[in-house]
Amino acid sequence: MQDNDKTTTPPQETFEVVEAEQRTGARHKGVYLLPNLFTTGALFAGFYAIVAAMNGLFENAALGIIVAGILDGMDGGVARLTNTQSKFGAEYDSLSDCVAFGVAPGLVAYSWALSGLGKFGWMAAFIYVACAALRLARFNVQAESTDKRFFIGLPSPTGAGLVATMVWLGASRGIEGSDVSWLVAFMVAGAGLLMVSSVKYHSFKEFHIGRVPFKVLLGVIIAFAIVFLDPPLVLLSAAVIYVAVGLLMSLWHLRKGGRA
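Residues numbered from 1 in each chain as written. Predicted model: local features only at pLDDT ≥ 70, side-chain atom pairs only at ≥ 80, totals over all residues. Heavy atoms only, no water.

Novice: Break down helix 6 (residues 181-195) for me, citing the residues and quoting the values.
Specialist: If you check helix 6, its first and last C-alpha atoms are 21 Å apart, about what 15 residues at 1.5 Å a residue would give, namely 21 Å. Those residues of helix 6 that fall on the buried side of the exposure criterion are Ser-181, Val-184, Ala-185, Val-188, Ala-189, Ala-191, Gly-192, Leu-194 and Met-195. (Helix = DSSP H or I, 4+ residues; strand = E, 2+ residues; numbered from the N terminus. Expected span 1.5 Å × (residues − 1). Buried < 20%, exposed > 50% of the residue type's maximum accessible area, 1.4 Å probe, protein only.)

In structure tokens:
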């Protein structure tokens, strides 16, 4: 009597990313490693900032957000230099940005200064987080149709840097967040609303890394030296100036348009 029972191997599930090339119709399996490593680093730095804030290490938390900003600026440049741009990388970058520049700054600010304000505190933090998510969604939708020289609304890394350097400066000076809670609430909510505003901010994307005059290299060296004099104060001042210049330029264009 023959044994009709046959052992069958269940199909194995594989988790692969398959991207379709719109122009050629070709399909590519896998993801590009190098730019996505930088994106993962930015995501980790944002997550670390949240954990550090939960443990009361506010200076470390602020540094985590700043490191995330540096890594986020590098992943796009690396992708362009190595010709490894992909739809997956763009989507992954947006999700990483939402954590590092949305959730992390909101929670860090809340842990440092806003928790004592009750409902007003978490409302200010939530406004920032929600506006950061909306800013990223709007950027993805309008990326192909807007002027590359300008951002519409405050860039989320700059908004995160504004919040992070404010926390860093206060924590490094021994200032209790509860003593400046209303100022922090105004800054956090204001940064969030600026991200979804129609204010234009210069993107500086027309400047490319390559051969530059010697004086440009000298200027970069001097800038680094100035930053290291007092990093939290200098970086916060730079963020405030960037925000103010965008607002003033928008007001100037509105007045000019009104007179025309």
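Novice: Requested: an account of the packing of helix 1 (residues 33-54) against helix 2 (residues 58-81), with residues and values cited.
Specialist: Axis separation between helix 1 and helix 2 bottoms out at 8 Å; the angle between their running directions is 165°. With respect to each other, helix 1 and helix 2 are oriented roughly antiparallel. The hand of the helix 1/helix 2 crossing is left-handed. In terms of residue class, the contact of helix 1 with helix 2 is made up of 18 nonpolar, 5 polar and 2 charged. (Axes fitted to C-alpha atoms, helices over the stretch in contact; angles between N-to-C directions. Parallel < 35°, antiparallel > 145°, perpendicular 65-115°, else oblique. Left-handed = near helix turned anticlockwise from the far one by under 90°. Nonpolar A, V, L, I, M, F, W, Y, C, P; charged D, E, K, R; others polar.)

Novice: Outline the packing of aromatic side chains, supporting the account with residue identities and numerical values.
Specialist: Per the stated rule, a full pass over the model turns up 4 aromatic pairs. Between Phe-139 and Phe-151, the aromatic rings sit 6.5 Å apart at their centres with planes inclined by 50°, giving tilted as the arrangement. On the criterion of sequence distance, the pair formed by Phe-139 in helix 4 (residues 119-142) and Phe-151 in strand 3 (residues 150-152) is long-range, its members being 12 residues apart. Assessed through its relative accessible area of 16%, Phe-151 is described here as buried. Directly above the ring of Phe-150 sits Lys-200, whose terminal nitrogen or CZ lies 5.8 Å from the centroid. (Phe/Tyr/Trp six-rings, centres within 6.5 Å; stacked < 30°, edge-to-face > 60°. Lys NZ or Arg CZ within 6 Å of the ring centre and 35° of its normal.)

Novice: Would you mind going over the nonpolar core in detail, with residue names and values included?
Specialist: Membership of the largest hydrophobic core comes to 51 residues, with the highest contact counts inside it found for Leu-114 and Val-184. Where this core is concerned, the elements lending two or more residues are helix 1, helix 2, helix 3 (87-114), helix 4, helix 5 (156-172), helix 6 and helix 8 (231-259). Excluding its chain neighbours within four sequence positions, the residues that come into contact with Val-184 are Ala-109, Trp-112, Ala-113, Leu-114 and Met-166. (Core = buried A, V, L, I, M, F, W, Y, C linked by side-chain atoms within 4.5 Å. Contact = heavy atoms within 4.5 Å.)

Novice: Describe the environment of Phe-38, naming the residues involved and giving the relevant values.
Specialist: Turning to its location among the elements, Phe-38 is positioned in helix 1. With 35 residues separating them in the primary sequence, Phe-38 and Gly-73 have C-alpha atoms 9.1 Å apart. Once you skip the residues sitting within four places of it in the chain, Phe-38 turns out to touch Leu-71, Met-74, Asp-75 and Val-78.

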